[in-house]
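# A look at the structure
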Amino acid sequence: MRNIGTVLGMLVLAGLPVLATTFSEDFSGGVVGYYSHLDPNAPTVLTGTQFQVVGANSAVDLIGAGDPYLDLCGPSGSCIDTTGGGGNGRGMLETINAILFTPGSYTFSFNLSGWSHNDGTEQSPLLNTQSATIRVQIAGLFDETFTVDGANNPYAPIVRYFTVASPTSAKLSFTDQSGSAGYAGAIVSDILIVDPVPEPSTLAFLATGLVSLGWLRRRR
């Protein structure tokens, strides 16, 4: 019994990592509207969210309940149109505050889609058939550009992994690379960063402990 207790104690001390949410934003608590650096009368902080518009020529739309373009958001319910009102394009979002990352491995995910009007005006039907390209950055930790085909893969879930070696504070940003005056661009929703992914050494230690526990129980 003493040996079994020792092994159990080792497992408890090692601990199975519990996935914790480091950052989450689905824009459901945001105030629907136009946010821009182009219009002095428009706010730049997306009210009710953790994001702000940055960049001198940047503008975005927060779409949600009550917005006539709600169908652009798909199953997520709320989303960001990175082309901004008036088809300005090149919208850039950045977290208001830096996110604190402790050492470990992280899972990063969000939904990405593309849209356009079929004749380049705001009066035509909306089509989720546009290819969308967006650059995603976490300063010093992550930098990748994504493109999805809205016709064949609307609301595509993007999942990536990255590792943090030492405590780091960094902002998360999304920069549209597909927007234009022709009313076409990227739709972003359901942003999530969770940690940790168990390190290989931890998994090996846990596996050894479990095997030892099984052997001792069989011996008894």
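Residues numbered from 1 in each chain as written. Predicted model: local features only at pLDDT ≥ 70, side-chain atom pairs only at ≥ 80, totals over all residues. Heavy atoms only, no water.

### Considerations on the environment of Gly74
- Mapped onto the elements of the fold, Gly74 is located in the loop between β4 (59–63) and β5 (79–81).
- For Gly74, a relative accessible area of 30% gives the class partly exposed.
- In this structure, the C-alpha to C-alpha distance between Gly74 and Pro154, residues 80 residues apart in sequence, is 8.5 Å. (Helix = DSSP H or I, 4+ residues; strand = E, 2+ residues; numbered from the N terminus. Buried < 20%, exposed > 50% of the residue type's maximum accessible area, 1.4 Å probe, protein only.)

### Points about the confidence of the model for the protein chain
- On average, residues of the protein chain score 78 in pLDDT, and 66% of them are at 70 or above.
- Counted against residues more than four places away or in other chains, residues 1–8, with its pLDDT under 50, gives 11 contacts.
- Note on residues 213–218: pLDDT is under 50 here. Beyond four places in sequence and across chains, it has 8 contacts. (pLDDT = per-residue confidence, 0-100. Contact = heavy atoms within 4.5 Å.)

### Section: the state of the cysteines
- Applying the stated criterion across every chain, the model contains 1 disulfide.
- Between the sulfur atoms of Cys73 and its disulfide mate Cys79 the distance is 2.1 Å. Disulfide Cys73-Cys79: torsion about the S-S bond near -75°, hence left-handed.
- Under the relative-accessibility criterion, Cys73 is labelled buried at 1%. (Disulfide = S-S within 2.5 Å.)

### Let's talk about the sheet that holds strand β6 (residues 92–95)
- Across the sheet, 5 strands lie side by side as β3-β6-β14-β10-β11; this open sheet has antiparallel pairing. The open sheet has two edge strands, β3 (51–53) and β11 (142–149), and neither has a second partner. Sheet twist, expressed as the mean angle between neighbouring strand axes with direction ignored, is 20°.
- In the sheet, strand β10 (residues 131–138) pairs with strand β14 (residues 172–176) via 5 bridges, with the strands oriented antiparallel. Along β14, the bridge assignment pairs Gln137 with Ser173. (Pairing = 2+ DSSP bridges. Axes fitted to C-alpha atoms, helices over the stretch in contact; angles between N-to-C directions.)

### A word on unusual backbone geometry
- In this structure, Phe27 takes a positive phi of about 65° despite not being glycine.
- One can find Phe27 in the loop between β1 (20–25) and β2 (33–36).
- Of the residues examined, Phe27 reaches a relative accessible area of 0% and is grouped as buried.
- You will see that Asp190, though not glycine, has its phi angle at about 50°, which is positive.
- Structurally, Asp190 is set in strand β15 (residues 184–195).
- Of the residues examined, Asp190 reaches a relative accessible area of 27% and is grouped as partly exposed.

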